[in-house]
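Listed below are the residues making up each chain.
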Amino acid sequence: MSSPVEQNEKEASSASTSSSADVTVPTASKSTHVPRSSYASATRPNTASSTFSDPFASPESSRPPSIRPPLSPSSSHISFPQGLGLGGATNHVPRSVLNSSASRDSNLLGSPTAYGFSSARSSAARMSSATNSNSVYGVVPNSVSVLRHKAPRMKSHMLKEGEEVPKPWTEKKNPRAAISYWMVWFVFFLGVGGGAFQCYVQYKGVRIDKQPLCMVLDEQFDNPDKVFGEGGTFYREVSMDGFGNGQFEMTTASQNNSFVKDGKLYIVPTLTSDNIGSNAVFDQTVYNITGCTFNKTRPDNGFVLRQGERVFDVDGYVKACSRVSNATSGVVINPVQSARLSTIKSASIRYGRVEVRAKLPHGDWLWPAIWMLPKDNKYGVWPMSGEIDIMESRGNGLRYTAHGSNYVQGSLHWGPAPTLNGNPKTYSWWSNKRESFADKFHTYTLEWTDKWLRISVDSRLHTLLDLRFNKPFFDRGDFPPIISNGSSLVPLPNPWADGSNATPFDQDFYLILNVAVGGTNGWFPEAQGDKPWLDAAANPAHDFIKAIDKWYPTWPPTVEDRAMVVDYVKMWKHC
């Protein structure tokens, strides 16, 4: 029984004998002869016929036949359309040529199977034979040969003779590698556990005031008539004495220095020379400040004890309410005017909460502050009765080397004598690295109980001061046992002996808002930021105003940037 290939060859041979003449079809290497009669009679399929046996039947397809048409004994020619590698118009090749080529291709394809042909030869060998043979599958007329791509051979995983399969699980493990492996996991879980424990401790350690709070003051500055004046929220303190710090400003009741605008409170420093002239500041002028409040804001209304007798402090009154400029002595009238506002007549608390939202001023040697003083000085004069500084800062820029406007500080002042202050043990600060606290509003908060006190800005995470009242302040201060009273050495008394661990911070305090300028108490350290005065000089205020060309250009011309602007003030006390 012959194979399909042999049958095709016989059919192709019988069909080729009926041809009478040949037409030569050129190829890339040699010519192929095709019967002329077949060549002349060969036409493209006619799909435009107007006569159909069935009007609903589809016409014959106009698609050109494929390059490998099925071998049929009924046809002795095959067409190769243009564009399939033969070039030019349709070309016709006799069936005998195809059969002879098929016989040669049988060597390439191998023996037939139920699913095609077996790979009797390698792909490379078949492609080589196809290229070199004179058939339509090799080089075709006026065209580049179309070759099959060589399929990649799969990588063999067969073991070579004598080669053993590796079995790493049977090998003995390196104990050092095992130790290193488990050590990594141990350190990982140790870090996770340690972090979780620290978070828990910090969470439990955050002190929260759980006492009920009652609102004492809620000033939103939406009604200017209720801020100042009789029965107003804030009292304007008027003085020229420097408030014990040698400050260079005088505080006034003028609306140039404190006013309400657009729902906000402004505290603005201005030059005294703008009111009385520059010459008057330096020489031959007596200045009596209007509305001096010395006898209203000083302890015991300005009365003091002298030699056991209660008398009015006349010297203190003159210093606070009047000044005479003299060019010879170097005494000048306070060169700057500002404001100091307090709630001494409207609100005070003992334990509770205070919130002030404010934007600080720009300008060298400005000293903005939000702070509290005791209402009654229960334990004696300053600092024996204490002072709470919720916020203090400096108007100097970020380059100032002694903490400029990007720092805010919270602190407590306390001591058993006027010359002893425990402040260095109870102060701290918060800082912004690249931003001034004068650039936008921030909220300054005091939380105060009989067990602890905390001062923060914007969040409890930004703590200025966090202090537990876990031991008496007299013991906390490490004060000397002996002090001088001016004439002899005496034992240091303890003014808080009958108090608690919170004493002297166990009495009513009222709130103060102010913008000071300069001073001689060390708030502006010597030799920092081209400081134009010395604290120990005879007339520091004179030296300060003489250097006005250096510092005044740093004061912004706009009120919004030069002033301390307050958005709201709130105070609560324990109910």
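Going by an unreviewed UniProt entry, the chain carries the name Glucan 1,3-beta-glucosidase and comes from Ephemerocybe angulata. The Sequence similarities (unreviewed entry) field of the UniProt record for the chain holds the comment "Belongs to the glycosyl hydrolase 16 family."

Asker: Teacher, can you tell me more about the UniProt feature "transmembrane region" (unreviewed entry) in the chain here?
Answerer: Within the UniProt annotation, "transmembrane region" (unreviewed entry) is assigned to residues 182–201. Across residues 182–201, the secondary structure splits into 100% helix and 0% strand, with the terminal C-alpha atoms separated by 28 Å.

Asker: Mind showing me how you'd approach the state of the cysteines here?
Answerer: Two cysteines joined by a covalent bond between their sulfur atoms form a disulfide. This model, assessed by the stated rule, comprises two disulfides. A disulfide bridge connects Cys292 with Cys321, and the sulfur atoms are separated by 1.8 Å. Disulfide Cys292 to Cys321: torsion about the S-S bond roughly -65 degrees, handedness left-handed. Of the two residues, Cys292 sits in the loop between strand S13 (285–288) and helix H8 (294–297) while Cys321 sits in helix H9 (residues 314–321), which places them 29 residues apart along the sequence. Exposure class is identical for Cys292 and Cys321. Each is buried. If you count the bonded cysteines of the chain from the N-terminus, they pair up as 1-4, 2-3.

Asker: Would you take a moment to explain a nonpolar patch on the surface for this structure?
Answerer: A surface patch of nonpolar side chains, about 710 Å² in accessible area, is lined by Tyr181, Trp182, Trp185, Phe188, Phe189 and Val192. The residue Val192 is located in helix H5 (residues 175–205) in this model.

Asker: Is there a simple way to explain the nonpolar core in this structure?
Answerer: A general tendency of soluble globular proteins is for nonpolar side chains to be buried together. Counting residues in hydrophobic clusters, the biggest one holds 55 residues, and the most contacted among them are Met372, Ile388, Ile390, Trp448, Leu511 and Leu513. Counting 21 residues, the second-largest nonpolar core is a separate cluster that includes Leu366, Ala516, Val517 and Trp555.

Asker: What is the right way to look at the sheet that holds strand S17 (residues 336–338) in this model?
Answerer: As a general point, the strands of a sheet are linked pairwise by backbone hydrogen bonds and lie either parallel or antiparallel. Across the sheet, three strands lie side by side as S9-S17-S12; this open sheet has mixed pairing. Strands at the two margins of the open sheet, each flanked by one partner only, are strand S9 (249–251) and strand S12 (270–271). Two elements, S9 and S17, share three bridges in a ladder whose sense is parallel. In the sheet register, Thr251 faces S17, and the bridge partner there is Ser338.

Asker: Before we go on, may I ask you to explain the pairing of strand S30 (residues 509–517) in this structure?
Answerer: Regular strands show a simple pattern: their side chains alternate between the two faces of the sheet. S30 sits mainly inside the fold: nine of its nine residues count as buried. Going residue by residue along S30, you find Phe509, Leu511, Leu513, Val515 and Val517 tucked away on one face and Tyr510, Ile512, Asn514 and Ala516 tucked away on the opposite face as well. Of the strand pairs in this sheet, strand S18 (residues 340–342) and S30 are connected by three bridges, and their pairing is antiparallel. The residue of S30 that forms the bridge with Arg340 is Asn514. By the bridge criterion, two bridges tie strand S19 (residues 348–349) to S30 in an arrangement that is antiparallel.

Here is what the cut-offs are and how they apply
- Residues numbered from 1 in each chain as written.
- Predicted model: local features only at pLDDT ≥ 70, side-chain atom pairs only at ≥ 80, totals over all residues.
- Heavy atoms only, no water.
- UniProt positions renumbered as here; feature names shortened; annotations may be inferred.
- Helix = DSSP H or I, 4+ residues; strand = E, 2+ residues; numbered from the N terminus.
- Disulfide = S-S within 2.5 Å.
- Buried < 20%, exposed > 50% of the residue type's maximum accessible area, 1.4 Å probe, protein only.
- Patch = residues over 30% accessible without salt bridge, like charges linked within 9 Å, V, L, I, M, F, W, Y side chains within 5 Å.
- Areas by Shrake-Rupley, 256 points an atom, 1.4 Å probe, with all protein chains shown as cover.
- Salt bridge = Lys/Arg side-chain N within 4 Å of Asp/Glu carboxyl O.
- Core = buried A, V, L, I, M, F, W, Y, C linked by side-chain atoms within 4.5 Å.
- Pairing = 2+ DSSP bridges.

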